[in-house]
Amino acid sequence: QMITTALLECARDQADAPVMIDQYRVLSEFVPKNADLTIDEANVQYKSGNIEEARARGYALITENGDKADAMERLGNLWSEYDNDPLTRTQLSTLASDGPAEARVMAARHYLAKGDATTAAELVGPLRTEDVAGLKLRINYVAKDSSAESWAEKLLKTDTTNCDALVVRYAAQLSRREYTQAVISAQMV
């Protein structure tokens, strides 16, 4: 394992992606389901233009470590940088029906940021509302639900720091050209 790690680091220093990828495969036999290793490999795959392999590693991370907030945050950052549509319809359906909540929320945030409120809603729909209330309101706002703003204000009465509800407030104020209030709301996020 130490030799493989050393080979991986030498390949990294030389920017030799094919050797790095080979070493990831060997290392994954020693430490299966290792989130750091999987994310690192997915990153190299994306940078090397191996989009399908990167996506496969990302989905493997979801199935193996989808309940770990740190791993999901890092995967979300990777997707944000490299991939607008990282999951197939089948993977999305599986994730929405029985995936870990952390993975669903991360993927929903990703798709929402890319403008796909429908997919985001599918991902968080089955989750308990109290756990993702702000995110659901934000999705509804993007989907043009006229009641989302008033519900966000109600949520902010009990949870004054809910970032998603604050984003709804900010976006609504901005759309009404209430720029000063929008700036104040954005600063709270």
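Let me begin by describing the structure that accompanies this report. Here the structure is a predicted model, which is why all the values come from computation and not from measurement.

Observations concerning the overall build of the chain
Then, number 1: Tallying secondary structure elements over the chain gives 12 helices and zero strands in all.
Then, number 2: Reading the secondary structure of the chain in the N-to-C direction produces α-α-α-α-α-α-α-α-α-α-α-α.
Then, number 3: Along the three orthogonal principal directions, the C-alpha set of the chain runs to about 60 × 35 × 25 Å.
Then, number 4: Look at the contacts in the chain between residues 6 or more apart in sequence, and 47% of them connect residues 24 or more apart.
Then, number 5: For the chain, the accessible surface area stands at approximately 10400 Å², while carbon and sulfur atoms represent 52% of it.

A look at the environment of Cys10
Then, number 1: With respect to the element layout, Cys10 can be found in helix α1 (residues 2–13).
Then, number 2: According to the relative accessible area criterion, Cys10 is partly exposed, its value standing at 43%.
Then, number 3: Considering only alpha carbons, one finds Cys10 and Ser185, 175 residues apart in sequence, at a separation of 48 Å.

Details of the nonpolar core
Nonpolar side chains in soluble globular proteins tend to end up buried together.
Then, number 1: In terms of nonpolar packing, the biggest core is built from 32 residues, with Ile62, Met72, Trp79, Leu87, Leu123 and Leu135 touching the most fellow members.
Then, number 2: At the level of secondary structure, the elements contributing two or more residues to this core comprise α3 (35–47), α4 (51–65), α5 (69–82), α6 (89–98), α7 (101–113), α8 (117–124) and α9 (129–142).
Then, number 3: Here the element with the most residues in this core is α7; it accounts for seven residues.
Then, number 4: In contact with Leu87, other than residues within four places in its own chain, are Tyr59, Ile62, Trp79, Leu92, Leu95, Ala107 and Tyr111.
Then, number 5: Ranked by size, the runner-up nonpolar core spans eight residues in total, among them Leu137, Leu155, Ala165 and Leu166.

Concerning unusual backbone geometry
Then, number 1: One non-glycine residue with positive phi stands out, namely Lys144, at about 70°.
Then, number 2: Residue position: Lys144 is located in the loop between α9 and α10 (148–158).
Then, number 3: Looking at Lys144, the relative accessible area reads 72%, which means it is exposed.
Then, number 4: Positioned with a positive phi, Arg177 is a non-glycine residue whose angle comes to about 65°.

The rules behind the values
Residues numbered from 1 in each chain as written. Predicted model: local features only at pLDDT ≥ 70, side-chain atom pairs only at ≥ 80, totals over all residues. Heavy atoms only, no water. Helix = DSSP H or I, 4+ residues; strand = E, 2+ residues; numbered from the N terminus. Contact = heavy atoms within 4.5 Å. Areas by Shrake-Rupley, 256 points an atom, 1.4 Å probe, with all protein chains shown as cover. Buried < 20%, exposed > 50% of the residue type's maximum accessible area, 1.4 Å probe, protein only. Core = buried A, V, L, I, M, F, W, Y, C linked by side-chain atoms within 4.5 Å.

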